[in-house]
Amino acid sequence: MLKKKGFIRQYMYRTLSILSFLLLFLFITSSQAIPESAPAETPILKLDTGGHMAKIWKITVMVDGRRIISASDDKTIRIWDTETGQETAKILGQIGGGPEGMIYAIALIPDKSIRGHVPDKLAPESSNQGNIQGQAPDERWLAVGGFLGNDVNKEWGNIRIYDLKTGALIKVLKSHKDIINDLSVSSDGRYLVSGSADMTVKVWDIADNFSLVHTFKGHTNAVYAVRIFKSRGDYNPLTPFDKGDYKIVSVGLDNKAILWSLGDKRGLNSYTHSNKLKYLAVSEGYIAVSGFGNKINIFDLNLKHIKEIESETKPDGLSFSPDGRLLLTGTEGNPNHNCNIYDSQGGFGKITSFNKHDNLTMAVTFLNNRFAVTGGGNNMDIYIWDAYTGEVK
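Just so we're clear, the structure is a prediction, and the values are computed from it rather than from any experiment.

Moving on: the overall build of the chain. For the chain, the helix and strand inventory stands at one helix and 29 strands. Scored against the burial criterion, the 393 residues of the chain give a buried share of 54%. Counted over contacts in the chain with a minimum sequence separation of 6, partners at least 24 positions apart contribute 50%. Accessible surface computed for the chain: about 17000 Å², of which carbon and sulfur atoms make up 50%.

Okay, here's the thing in structure tokens:
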């Protein structure tokens, strides 16, 4: 991996030695020779170049801001030091032939969700995941979704829960019938929400041993993104200790955005777009939605449409800064490769464009209120850059 101050450089197109060619040949040969019904313990040789070797789907930032976690089609989860640009650890999860094991979603679960009531049933299901040290004290677990499951019952909707301290797999959540496209954790760490290609949204109670609370049905195609939040508008002065209802917003390939009430276990509002919807971001005041096409739609927290933003590129990936002021978008790469920043306090006018990536970039987030993090391009680069100037940190 090339080390440069301020960003992480992945080597996909490095010069391979003769040994690397041999290892790659063995990997391809082994993968093709393994039938779909092969047992999980069948070894598969993979070449590790020291960085992601396929599309980066998600990036999340640990609470100390010193480490970020990335998930990829290459079936690995990697943890990076934002100061040195070096990989500090990785989790190798389910590895199989074809798409089996690809990771599409990750979500950090804060320790405050389990303080005082640690589920006593949680114990490592596997201790063969290595050791991951140095994680922030407020983060205990990592929820992981994607093409995870088994070929026996043709169900690929498992959610894996990893211990960030040890890297051990501690629990597998089973209920979805198809791949997991997105995961979201409530700000108080109480609930985990999953969106799946099986057209459902599921809610899991983290404090109750990740028990399944409810399944929302209303989409007619794959659910692609989900977020759980509480609206300030739920505050009632007559009941000041009631912090309001949890709300969930989901978007899917059926062109719909749906707002759900967890308390009432029903849909509250919906919006139908002319294109398929794939990406979501939620702040304390807004919901941002994008998908096919070059439009970003802005809603209030009751899913009332406010405005539409037209982008010069297809905005793949959305994220609000922690203070909710800035909206970051990724890019599909056509006709250019700009990742853009919009200012919600300025009517969502564009203030910055970042053009270091050279292809699809949909893993986007914020390190803090000043610096953006984007991962993608042909080389699977991860950049940390100033949201106001576009300069690499």
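Moving on: the environment of I306. Structurally, I306 is set in strand β22 (residues 305-310). Sequence separation of I306 and Y286 is 20 residues, and the distance between their C-alpha atoms is 9.1 Å. Not counting residues within four places of it along the chain, the set of residues in contact with I306 comprises Y286, I298, F299 and D300.

Let us now look at the pattern of salt bridges. Taken as a whole and judged by the stated rule, the model has 15 salt bridges. Across the salt bridge formed by D182 and R227, the nearest N and O atoms sit 2.7 Å from each other. Highlighted residues: D182 in strand β11 (residues 180-185) and R227 in strand β15 (residues 223-230), separated in sequence by 45 residues. The exposure class assigned to D182 is buried, which follows from its relative accessible area of 3%. By relative accessible area, R227 is classed as partly exposed at 22%. As a salt-bridge pair, R266 and D264 come within 3.7 Å of each other at their nearest N and O atoms. Salt bridges sharing common partners tie together K58, D182 and R227.

The next thing to look at is the packing of aromatic side chains. For any two aromatic rings, the description comes down to two numbers: the centre-to-centre distance and the angle of the planes. Summed over the entire model, instances satisfying the criterion amount to nine aromatic pairs. Summarising the aromatic geometry, the rings of F354 and W385 are spaced 4.4 Å apart at their centres and angled 5° between planes, so their arrangement reads as stacked. With a gap of 31 residues between them, F354 in strand β26 (residues 349-354) and W385 in strand β29 (residues 381-386) connect regions that are remote in the sequence. Like W385, F354 is buried. Among the aromatic residues, those joined into a ring-pair cluster are F354, Y383 and W385. Over the face of the ring belonging to F292 we find K314, whose NZ or CZ atom lies 4.4 Å from the ring centre. Between K393 and the ring centre of F371, over which it is positioned, the NZ or CZ distance is 5.4 Å.

Among the nonpolar cores identified, the biggest contains 22 residues, and A288, I296, I298, L318, L327 and F348 are the most heavily contacted of them. For this core, the elements supplying multiple residues, two or more each, are β19 (277-282), β21 (295-299) and β23 (318-320). Setting aside anything within four residues of it in sequence, one finds I296 in contact with V289, K307, E308, I309, P315, L318, L327, T329 and Y342.

Here the focus is the environment of S321. With respect to the helices and strands, the residue S321 is situated in the loop between β23 and β24 (326-329). When the C-alpha positions of S321 and A281 are compared, they lie 9.8 Å apart, and in sequence the two are 40 residues distant. Those residues in contact with S321 that lie beyond four places of it in its chain are L326, F366 and N369.

Cut-off values and rules
Residues numbered from 1 in each chain as written. Predicted model: local features only at pLDDT ≥ 70, side-chain atom pairs only at ≥ 80, totals over all residues. Heavy atoms only, no water. Helix = DSSP H or I, 4+ residues; strand = E, 2+ residues; numbered from the N terminus. Buried < 20%, exposed > 50% of the residue type's maximum accessible area, 1.4 Å probe, protein only. Contact = heavy atoms within 4.5 Å. Areas by Shrake-Rupley, 256 points an atom, 1.4 Å probe, with all protein chains shown as cover. Salt bridge = Lys/Arg side-chain N within 4 Å of Asp/Glu carboxyl O. Phe/Tyr/Trp six-rings, centres within 6.5 Å; stacked < 30°, edge-to-face > 60°. Lys NZ or Arg CZ within 6 Å of the ring centre and 35° of its normal. Core = buried A, V, L, I, M, F, W, Y, C linked by side-chain atoms within 4.5 Å.

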